[in-house]
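Examining the three-dimensional arrangement
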Amino acid sequence: MSVHTVAVSRRGEDRLRSGHPWVYKSDVGEVRASGGDVVRVIGPRGRPISQALYSDRSEIALRQVTRSTDPLDSTFWKTRLQDAIRFRASLDIDATAYRLVHGEADRLPSLVVDRYGDYLVVQALSQGIDKLLPDITRLLVELTSPTGILARNDPRVRLLEGLDRRVEVLHGSVPDTIEVREGQVTYAVDPYRGQKTGLFLDQRENRVAAARYARGKLLDAFSYHGGFALALAPTCDEVLAIDISEDAVARIRLNAERNGLANVQARAMNVFDELRELERRGERFDTIVLDPPAFAKSKAAVNKALSGYKEINLRALKLLSPGGFLVTCSCSYNVSEAAFADVLASAAVDAHAEVAVVEKRMQGRDHPVLMTVPETYYLKCFILRKLN
Ligand code: SAH
């Protein structure tokens, strides 16, 4: 078998050696491979360094999969998947929906596999993983015996890889609605059309954490299908969930009804406008959750994003009653924890609020962060208590 190779510059080699699995196009030299191949990475002095997935279109040309330079044997991908799946099994997750494979952090770069009950939803986000998808599907069937596997290969990033956007069943059959449970809450999930792969699974543990503080009147802003609203409703008197999407709000109502949570009201509103309106009316809440979409989708958007975060957090702190809790999140990987903390501090100052940090959290344990790749620490969640 001929070995595919891709040479990298000194800078590319240094990057890999520093623990970051990506090499950019600008650090790639001679290529003896096609897009999607598993390649041997060759250093500037001709020495083999590691093996990686190669993309001939993306700015991220190489995604390292192993530091070994021996040809991958037939069990390589199976062992990687098995390790990811066993780790999730060890977490004792109180839910039937969670992430089984989280890309780079499972040394399966650009592969996402989420479990929804008896079904799996996968995303192949690079040429390499896309090419391996038939093998990965076969291995997932062997390892987890799902009733069906759906490929949600519609994220835009696939276009950067020169791949098409498509949603297709890869194995068995997958219904339009899958019922899953998270803690005490059951949801009807649409794996074909829901955001991400159907639910925001990365917030599961933050919902559990937030439920320990939630009480009184709750405002769940950017609620989507009611993730926080439904998990927190049992300990609260009244819940107001808002989301800009009418579809999402219809789902919140259905989910509230299906769970017998009569204290949940849902409204289709723009959070920025509604926070201002609630303030004008002099409303007060004892618990507020802010879980906006990623405001900074690129480095260039960071400043604007920070002012968006500042505005909603400032208004939320004003709406909070003394002793109340604010659960506030940012899922922009371009906004660091320190930058987000600065925004929260300046919002507190401007709101004349004395604020204590009760917990600092991140995405759930089934979405781990790769130590040497700051980009994988995307979700920050602070639980704050307003003292005055
Ligand atoms: N908290 C949710 C996930 C929220 S995702 C959970 O735990 O599952 C972000 C949500 O914000 C999306 O549902 C999107 O429709 C909504 N959204 C985006 N911009 C908005 C705005 N300006 N006002 C209200 N909702 C908005």
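Look a little higher up for the structure.
Presented here is a report on the structure given in the accompanying data block. Only a predicted model underlies this, so the values are computations on that prediction, with no experimental measurement involved. (Residues numbered from 1 in each chain as written. Predicted model: local features only at pLDDT ≥ 70, side-chain atom pairs only at ≥ 80, totals over all residues. Heavy atoms only, no water.)

**Side note on the pattern of salt bridges**
Inspection of every chain in the model, using the stated rule, returns 38 salt bridges. A salt bridge links E179 to R258; its shortest N-O distance comes to 2.8 Å. One end of the pair, E179, is in strand β12 (residues 178-182); the other, R258, is in helix α7 (residues 246-258), and 79 residues separate them in sequence. E179 sits in the exposed class, given a relative accessible area of 54%. A network of salt bridges, in which partner residues are shared, links D273, R276, E279, E311, R315 and K318. (Salt bridge = Lys/Arg side-chain N within 4 Å of Asp/Glu carboxyl O. Helix = DSSP H or I, 4+ residues; strand = E, 2+ residues; numbered from the N terminus. Buried < 20%, exposed > 50% of the residue type's maximum accessible area, 1.4 Å probe, protein only.)

**Examining the sheet that holds strand β2 (residues 22-24)**
Strand order in the open sheet formed by six strands is β2-β6-β5-β4-β1-β3, and the pairing between neighbours is mixed. Looking at the sheet topology across the chains shown, the edges are occupied by β2 and β3 (28-32). Geometrically, the sheet is characterised by an average inter-axis angle of 35° between neighbouring strands, direction not taken into account. Pairing of strand β1 (residues 5-8) with β3, which is carried by three bridges, proceeds in the antiparallel orientation. Counterpart to V8 in the pairing with β3 is V28. (Pairing = 2+ DSSP bridges. Axes fitted to C-alpha atoms, helices over the stretch in contact; angles between N-to-C directions.)

**Concerning the packing of aromatic side chains**
Counted according to the given criterion, the structure contains eight aromatic pairs. Relative to F295, the ring of F272 has its centre 6.0 Å away and its plane inclined at 40°; by these criteria the two rings are tilted. In this pair, F272 sits in helix α8 (residues 271-280) while F295 sits in the loop between β17 (285-290) and α9 (302-319), placing the two residues 23 residues apart along the sequence. Its relative accessible area of 21% is what places F272 among the partly exposed residues. On the basis of relative accessible area, F295 is assigned to the partly exposed category, the value being 22%. Ring-pair connections join several aromatic residues into one group, and the members of that group are F222, F272, F295, Y309, F340 and F382. For R207, the ring lying beneath its charged end belongs to F228, and the centroid distance is 5.6 Å. (Phe/Tyr/Trp six-rings, centres within 6.5 Å; stacked < 30°, edge-to-face > 60°. Lys NZ or Arg CZ within 6 Å of the ring centre and 35° of its normal.)

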